Amino acid sequence: MEGARLRYPPGSLVILTGLPGAGKSTLLRRLYGLHGDESVPVTAGTVVVIDSSQSRRRWDGRLTWAPYPLRRAVVFVTHVSRIRRALAQGASVVAHNRGCAPYVLRGFAWLARRHGADFHLLLLDAPPEEALAGQRARGRVVSPRTFARHQRRVRSLLTRVKGGDPAPAAGAHVVDRAQADLLEAIVFDTPAHHISG
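Residues numbered from 1 in each chain as written. Predicted model: local features only at pLDDT ≥ 70, side-chain atom pairs only at ≥ 80, totals over all residues. Heavy atoms only, no water.

A. Structural context of the sheet that holds strand β3 (residues 42-44). Spatial strand order, β3-β4-β5-β2-β6-β7: six strands in an open sheet with mixed pairing. Of all strands in the sheet, those bounded by a partner on one side alone are β3 and β7 (171-176). Put simply, the sheet's adjacent strands are angled 20° from each other on average, direction ignored. Examined bridge by bridge, strand β2 (residues 13-18) and strand β6 (residues 119-125) share six bridges and lie parallel to one another. Residue pairing across strands places Leu16 opposite Leu122, the latter belonging to β6. Along the sheet, helix α3 (residues 68-88) contacts β2, β4 (47-51) and β5 (92-96); its crossing angle with β4, the most-contacted strand, is approximately 175°. (Pairing = 2+ DSSP bridges. Helix = DSSP H or I, 4+ residues; strand = E, 2+ residues; numbered from the N terminus. Axes fitted to C-alpha atoms, helices over the stretch in contact; angles between N-to-C directions. Contact = heavy atoms within 4.5 Å.)

Have a look at this one:
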């Protein structure tokens, strides 16, 4: 699989998801030269790269008065608004979104349809122990209750996708950590999505 590329139609929305700490942000940094301290989306050619951490940094220190649920909601709305704006401009979008609850994915599918874009999922499949190690390495560990909820949702989504049901996405691709390390590019130039060496 050396030299692998993922290919999608131009103007698609690709949501990268998986367990917290699975390596999603690390993958985006490697593929797109991100430094990890951005607070705004990064444009790389015709692709807009949107990491949810960018929206979190945008609001760092500015909502200290607000309870955590409100801060989280503001960050998520900012994240989704940035994705919507990029799609409205006709860009191809690669966006990291930690959550993969069914209602969240249906929302992204609706957003893509509204702007005439294909919606695809890219799932990073990492064992829970590796994801926990990744959380510790980055110095931000989610609570056991939150992590357990993410595990249930990711496991359910992976089961459906591996069984041939990517809905509500048009397609979904699963890569493990080793495959992610070999991925060289995400390319928007074809009507079909696949990994090609």
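Additional details are given in the paragraphs that follow.
B. Spatial organisation of the side chain of Arg82. Inspection of the secondary structure puts Arg82 in helix α3. The charged side chain of Arg82 is buried without a salt bridge, its nearest counter-charge being Asp51 at 9.2 Å. If sequence neighbours within four positions are ignored, Arg82 has contacts with Ser39, Val40, Pro41, Ile50, Gln54, Ser55 and Arg58. (Buried < 20%, exposed > 50% of the residue type's maximum accessible area, 1.4 Å probe, protein only. Lys, Arg positive; Asp, Glu negative; His and termini not counted. Salt bridge = Lys/Arg side-chain N within 4 Å of Asp/Glu carboxyl O.)

C. Just the nonpolar core, in detail. Counting 55 residues, the largest nonpolar core has Leu13, Tyr32, Ile83, Phe119, Leu121 and Ile186 as the members making the most contacts within it. Every residue in contact with Ile186, bar those within four places of it in the chain, is listed here: Leu6, Tyr8, Leu31, Tyr32, Val94 and Leu122. (Core = buried A, V, L, I, M, F, W, Y, C linked by side-chain atoms within 4.5 Å.)

D. Representation of the packing of aromatic side chains within the structure. Per the counting criterion, the structure on display carries one aromatic pair. Centre to centre, the rings of Tyr8 and Phe188 are 5.9 Å apart; their planes meet at 35°, and the pair counts as tilted. Of this pair, Tyr8 sits in strand β1 (residues 4-8) while Phe188 is found in strand β8 (residues 183-188), placing the two residues 180 residues apart along the sequence. Here Tyr8 falls in the buried class, since its relative accessible area comes to 0%. (Phe/Tyr/Trp six-rings, centres within 6.5 Å; stacked < 30°, edge-to-face > 60°.)

E. Region of interest: the pattern of salt bridges. Applying the stated criterion across every chain yields a total of four salt bridges. For Asp125, the salt bridge identified is with Lys162, shortest N-O distance 3.2 Å. Of this pair, Asp125 sits in strand β6 while Lys162 sits in helix α6 (residues 144-162); the two residues are 37 residues apart in sequence, bridging distant segments of the chain. According to the relative accessible area criterion, Asp125 is partly exposed, its value standing at 22%. Across the pair Arg177 and Glu130 runs a salt bridge whose closest N-O atoms are separated by 3.8 Å. Of this pair, Arg177 sits in helix α7 (residues 177-182) while Glu130 sits in helix α5 (residues 128-138), and the two are 47 residues apart along the sequence. Judged by relative accessible area, Arg177 falls into the partly exposed class, the value being 30%.

F. Spotlight on helix α1 (residues 24-32). Every buried residue of α1 is accounted for by Lys24, Ser25, Leu27, Leu28, Leu31 and Tyr32. Buried residues of α1, seen end-on, are gathered within an arc of 155° and therefore sit on one face of the element. Just downstream of α1, Gly33 is the residue with a positive phi angle, here 70°. (Arc of directions from axis to C-beta.)

G. Region of interest: the side chain of Gln54. Tracing the chain through its elements places Gln54 in helix α2 (residues 52-59). Taking relative accessible area as the criterion, Gln54 reaches 1% and is therefore assigned buried. Discounting residues that sit within four places of it in the chain, Gln54 has contacts with Leu34, Glu38, Ser39, Val40, Pro41, Val42, Val49 and Arg82.

H. Local environment of the environment of Arg153. Along the chain, Arg153 falls in helix α6. The class for Arg153 is partly exposed, based on a relative accessible area of 31%. It is 8.3 Å that separates the C-alpha atoms of Arg153 and Pro102, two residues lying 51 residues apart in sequence. Those residues in contact with Arg153 that lie beyond four places of it in its chain are Cys100 and Ala101.

On their own, these measurements won't tell you what the molecule is for.
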